[in-house]
Amino acid sequence: MGPSSPQFNPEELRRWQFGLRQADDNNVFCHCRQCDREWVASAHNVQCTCGSTDVETISCWQFPDG
Ligand SMILES: [Zn+2]
């Protein structure tokens, strides 16, 4: 019953993985190459407020912890 020994049943595991997957898809860090604006958006097709679509997107999970 220690906190370091989680026991997932298959259903819980699937839900957990699906949650992670959704986080990947729904949160991307955006960087506009035109005006250097940086923000987090909830879609892959993003447009900067400056009107540029030359936006670099990075999935949030790719950032290292800390
Ligand atoms: Zn911009």
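Residues numbered from 1 in each chain as written. Predicted model: local features only at pLDDT ≥ 70, side-chain atom pairs only at ≥ 80, totals over all residues.

1. Topic: the overall build of the protein
Helices and strands together make up the secondary structure of the protein, namely one helix and three strands. Looking at the protein as a whole, 6% of its 66 residues qualify as buried. In the protein, the proportion of contacts linking residues at least 24 apart, taken out of those at least 6 apart, comes to 29%. (Helix = DSSP H or I, 4+ residues; strand = E, 2+ residues; numbered from the N terminus. Buried ≥ 20, exposed ≤ 12 C-beta atoms within 10 Å, placed from the backbone. Contact = placed C-beta atoms within 7 Å.)

2. Let's talk about the pairing of strand β1 (residues 28-32)
When β1 meets strand β2 (residues 38-41), the two strands line up antiparallel, connected through four bridges. Residue pairing in the sheet places C30 in a bridge with W39 of β2. The turn joining β1 and β2, which pair antiparallel and follow one another in sequence, is formed by five residues; a positive phi near 70 degrees is taken by D36. In the sheet, β1 pairs with strand β3 (residues 55-59) via five bridges, with the strands oriented antiparallel. Residue pairing in the sheet places C30 in a bridge with T57 of β3. (Pairing = 2+ DSSP bridges.)

3. Concerning the sheet that holds β3
Consider a sheet: its strands pair through backbone hydrogen bonds, and that pairing is either parallel or antiparallel. Strand order in the open sheet formed by three strands is β2-β1-β3, with antiparallel pairing between adjacent strands. Edge strands, defined here as strands with exactly one partner in the open sheet, are β2 and β3. Adjacent strand axes in the sheet meet at a mean angle of 30 degrees when their direction is disregarded. (Axes fitted to C-alpha atoms, helices over the stretch in contact; angles between N-to-C directions.)

Honestly, it's all geometry; don't read function into it.
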